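Coordinate analysis (summary)
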Amino acid sequence: MANLFFFQSSKSFMSIAFLIQKTVPFCFHCNADVVTEFIEGLVETYPGLQYLDGFPLVKVVIRSDVSSSTYEKVAIISGGGSGHEPAHAGFVGEGMLTAAICGDVFASPTVDAILAGIRAVTGPKGCLLIVKNYTGDRLNFGLAAEQAKSEGFEVEMVIVGDDCALPPPRGVAGRRGLAGTILVHKIAGAAAAAGLSLLDVAAEAKHASEMVGTMGVALSVCTLPGQVTPDRLGPGKMELGLGIHGEPGAAVTDLLPVDVVVAHVLKQILSTETNYVPITRGNRVILMINGLGATPLMELMIAAGKAVPIMQLDHGLAVDRVYTGSFMTSLDMAGFSISIMKADQKILQRLDAPTRAPSWPVGVEGDRPPAKIPVPIPVSRPTNNEEQLSRPQQLTHQGRILELAIEAAVSSVIELRDSLNEWDSRVGDGDCGSTMFKGAAAILDDMKKYYPLNDAAETVNEMGSSIQRVMGGTSGILYNIFCKAAYAKLKTSSKPVTAKEWADALEASIAAVSKYGGASAGYRTILDALIPACQVLQERLNAGDDPSTAFVLSAEAARAGAESTKDMQAQVSFCVDCH
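Rules used in this analysis
Residues numbered from 1 in each chain as written. Predicted model: local features only at pLDDT ≥ 70, side-chain atom pairs only at ≥ 80, totals over all residues. Heavy atoms only, no water. Helix = DSSP H or I, 4+ residues; strand = E, 2+ residues; numbered from the N terminus. Buried < 20%, exposed > 50% of the residue type's maximum accessible area, 1.4 Å probe, protein only. Contact = heavy atoms within 4.5 Å. Areas by Shrake-Rupley, 256 points an atom, 1.4 Å probe, with all protein chains shown as cover. Pairing = 2+ DSSP bridges. Axes fitted to C-alpha atoms, helices over the stretch in contact; angles between N-to-C directions. UniProt positions renumbered as here; feature names shortened; annotations may be inferred. Phe/Tyr/Trp six-rings, centres within 6.5 Å; stacked < 30°, edge-to-face > 60°. Lys NZ or Arg CZ within 6 Å of the ring centre and 35° of its normal.

In terms of regular secondary structure, the protein is built from 16 helices and 14 strands. Taking all 579 residues of the protein together, 47% fall into the buried category. Within the protein, counting contacts between residues at least 6 apart in sequence, those at least 24 apart form 71% of the total. Of the accessible surface of the protein, which amounts to about 27800 Å², a share of 56% is contributed by carbon and sulfur atoms.

Pairing in this open sheet of 6 strands is mixed, and the strands run 11-10-9-14-12-13 from one edge to the other. At either margin of the open sheet sits one strand with a lone partner, and together these are strand 11 (251-254) and strand 13 (318-325). Each strand axis lies, on average, 20° off the axis of its neighbour in the sheet, ignoring direction. Along the sheet, helix 6 (residues 258-269) contacts strand 9 (212-218), strand 10 (237-240) and strand 14 (335-342); its crossing angle with strand 14, the most-contacted strand, is approximately 40°.

This part takes up helix 2 (residues 111-121). Across the 11 residues of helix 2, 9 count as buried, placing the element largely inside the fold. Of all the residues in helix 2, the buried ones are V111, A113, I114, L115, A116, G117, I118, A120 and V121. Those residues of helix 2 that are buried lie in contact with strand 4 (60-63), strand 5 (75-82), strand 6 (99-105), strand 7 (127-132) and helix 3 (135-150).

Moving on, we get to the UniProt feature "binding site: substrate" (unreviewed entry) in the protein. Cross-referencing UniProt, the feature "binding site: substrate" (unreviewed entry) maps to G81, S82, G83, H84, K132 and D137 in the present numbering. Mapped onto the secondary structure, G81 falls in strand 5. Residue contacts for G81: discarding those within four places in its chain leaves G103, D104, F106, A107, S108 and P109. Mapped onto the elements, D137 comes out in helix 3. Other than its neighbours up to four places away in sequence, D137 contacts G79, G80, S108, P109, V131, K132 and G142.

A few words on the packing of aromatic side chains. Applying the stated criterion to the full structure yields 3 aromatic pairs. A ring pair is formed by Y51 and F55, whose centres lie 4.7 Å apart and whose planes are at 5°; its orientation type is stacked. Look at Y51 and you get partly exposed, because its relative accessible area is 30%. Judged by its relative accessible area of 25%, F55 falls in the partly exposed class. Their ring planes at 75° and their centres at 5.9 Å tell us that Y450 and Y451 sit as a pair that is edge-to-face. Judged by its relative accessible area of 27%, Y450 is partly exposed. Given the relative accessible area of 0%, Y451 is considered buried. Directly above the ring of F437 sits R417, whose terminal nitrogen or CZ lies 4.1 Å from the centroid.

Moving on, we come to the sheet that holds strand 4. Taken together, 6 strands build an open sheet; the order of strands is 3-4-6-5-7-8 and the sheet is mixed. Both edges of this open sheet fall to strand 3 (49-51) and strand 8 (155-160), since each of them pairs with a single strand only. Taking the axes of each pair of neighbouring strands and ignoring which way they run, one obtains an average angle of 25° across the sheet. Where strand 5 and strand 7 come together, 4 bridges link them in parallel fashion. What sits directly across from A75, in strand 7, is C127. Across the sheet, helix 4 (residues 180-193) is in contact with strand 5, strand 7 and strand 8; its angle to strand 7 comes to roughly 175°. Sheet strands in contact with helix 5 (residues 198-210) are strand 5, strand 7 and strand 8, and its direction is about 5° off that of strand 8.

Take a look at the structure:
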């Protein structure tokens, strides 16, 4: 199953497009025990959680370190219908919820289950029930609260209705409880962990519930267990303000650019006409971008990136915290919601307080640093005269030898262009010679202009830069790695560089190419020529041979190694001219 947003670049008319494909490789939704099996998996994943052994009627997740007989702080209990994971069970943990009461999918938990949760975790300081504003939840939690009070428990209840999508309601229904409820959980949980009384914790939770507003947007409705996904919207349509159970929203419209959608949602939440949240210009706020179940994190981050500057520039708000992820989903609904909460120092303190709840994101407290900083400039390499590297006016003896060696090598490569292309055409795309020619020609041209030939290390480094500029694909990367590794070794060498130091640099280069390319001897790559060449060079120098003789023998070993690849079976895919 895949329900995907496609957010194109805003610089190319960013738009939200919709693709929905339905395949069912595993029949999770056909299982009547889906909620109980979810809970079993949850507690196996997070050892800090337990569940009450009352399946299937009692589905309650609790903190494993809490017992009603020993708990000395206010218990925070929430819950509701399942299908909104990680809400609510994923937010059970020290510093957040003490228990989560899980109903069946999109169905309020029973009174018996709520009572079981209250009895399991509520100590002498009482418990606070945080309930989303749905009739079934209000009634069932309310009845359980009254029953618990009659049993001697101290119980308070706060109802959260943070929906800002619909006009101000008339009657008893009120605003629906949405993702802003999670922020209320965190604030209440932190207040309880700080040791506050039940009335004080309830007061903070109620205050937080009055400071938050939420609105969602979706491109599909969710798939209920065992049912076919309804096609209420149809292709090319999106819905603004629908509920977390798939209830119809405020409007259905054509697909719109993501920045337009975000701006509309923010304007609706912050509307001074409805006055759903007491937020005005100059206020500090918290932003939550919540995925509804089938929206990739990448797309949620795009929405967050659009929302912050709109809030800052268009609404004059200081965004103190941003939480982006899936907090309260709607099964497999494709979409997201935006929640905004007015912040004060106490609310920020509660949000920043530590928690062991597995699904609460790790936040960063304190002032927000700038989102964008300059790209670092490479550290300039020191030179003797502190000037930019350039070709010396007068070459030393070693500089002249290095120049001649480079000229001879690149001239050979240039002459072999057609032959290399012909050989490559028999097994590949026939451009190996042309690719090698580009690199060789660039080295030859750049050497005449600015290679610091009297400095061997810097010269090798500049060769890598020349190659990187003109040779694409795998070949350019491999040869540049080769040169960079040699440079790193040579820059600590003596001046002039000895034959043994050149051999050590070759060995370091081979090791780097093998490490990053993933090949070694016998893989039918350039290493089958380089490795024997390096081995022979090291052996002859260690034996005391004249360096010129050692290098000649090394070249012969390289040729023999290359010839040996005729009878090898290739084992890796990188080659010298892949693009």
